[in-house]
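Architecture and fold: a report
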Amino acid sequence: QVQLVESGGGLVQTGGSLRLSCAASGRTSALFAMAWFRQAPGKEREFVAAARWKGGSTDVADSVEGRFTISRTMNTVYLQMNNLKPEDTAVYYCATDRERLSRRRDGYDYWGQGTRVTVSS
């Protein structure tokens with residue numbers, strides 16, 4: 001079992017920055033990758049960024065490339081979000097995968113409760 005707790009969401013103006021955190025606890029030694037997904041109102045949950053738990057590879061969606069960065073320190077994964085746009089408004093979720101680093105939702109077996117990000121224009 002892995003428990004995930006996100007934090008750091010909030011209201012920010014266009015062009016602003018936020019840093020989301022996802023604290024992992026439990027059987028973190030079994031993790032292969034952690035990722036961030038987001039879900040805007042009325043839309044499907046979509047991939048944002050992922051990183052190997054033990055370091056090395058990262059992957060970032062084209063829509064946020066150059067603005068968002070994923071990183072990890074100890075058992076916390078961060079999503080640094082710069083130059084935020086209104087279309088970044090969503091609930092952001094972190095998730096874990098024990099086998100691969102993937103953009104597919106169905107590979108991720110543990111999910112956090114989500115943290116809301118609202119970008120005002």
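Predicted model, so just to flag it, every value in this text is computed and none were measured.

Parameters and conventions
One numbering rule holds for all chains: residues counted from 1, following each sequence as written. Thresholds applied to this predicted model are a pLDDT of at least 70 for local features of residues and 80 or more for the giving and counting of side-chain atom pairs; totals over whole chains, interfaces and linings are not thresholded and use all residues. The side-chain quantities take in all heavy atoms of the structure and omit both hydrogens and water. Each salt bridge in this description consists of a side-chain nitrogen of Lys or Arg and a carboxyl oxygen of Asp or Glu lying within 4 Å of one another. Secondary structure follows DSSP: runs of H or I at least 4 residues long count as helices, runs of E at least 2 residues long count as strands, and numbering of each begins at the N terminus. Only protein chains enter the calculation, and the probe is 1.4 Å; a residue is then buried if its accessible area is under 20% of its type maximum, exposed if over 50%, and partly exposed in between. When DSSP finds two or more bridges between a pair of strands, those strands are recorded as paired. Inter-axis angles, ranging from 0 to 180 degrees, are taken between N-to-C directions of lines fitted to C-alpha atoms, where helices are fitted over the stretch in contact.

**Side note on the pattern of salt bridges**
Tallying each qualifying case throughout the model produces eight salt bridges. For Asp-88, the salt bridge goes to Arg-67, with nearest N and O atoms at 2.7 Å. Linking Asp-88 in the loop between strand S8 (76-81) and strand S9 (90-97) with Arg-67 in the loop between strand S6 (58-60) and strand S7 (68-73), this pair joins segments that are 21 residues apart in sequence. Of the two residues, Asp-88 and Arg-67, neither departs from the other in class, the shared state being buried. Across the salt bridge formed by Arg-100 and Glu-99, the nearest N and O atoms sit 2.9 Å from each other. For Glu-99, a relative accessible area of 57% gives the class exposed. Linked through salt bridges whose partners overlap, the residues forming this network are Arg-38, Glu-46, Arg-67 and Asp-88.

**What about the sheet that holds strand S1 (residues 2-7)?**
An order of S1-S3-S8-S7 is seen for the four strands of this open sheet, with the pairing classed as antiparallel. In the strand order of this sheet, the two ends are held by S1 and S7, each with one partner. Sheet twist, expressed as the mean angle between neighbouring strand axes with direction ignored, is 20°. Of the pairings in the sheet, the one linking S1 to strand S3 (residues 18-26) comprises six bridges and is antiparallel in character. Opposite Gln-3, over in S3, you have Ser-25 as the bridge partner.

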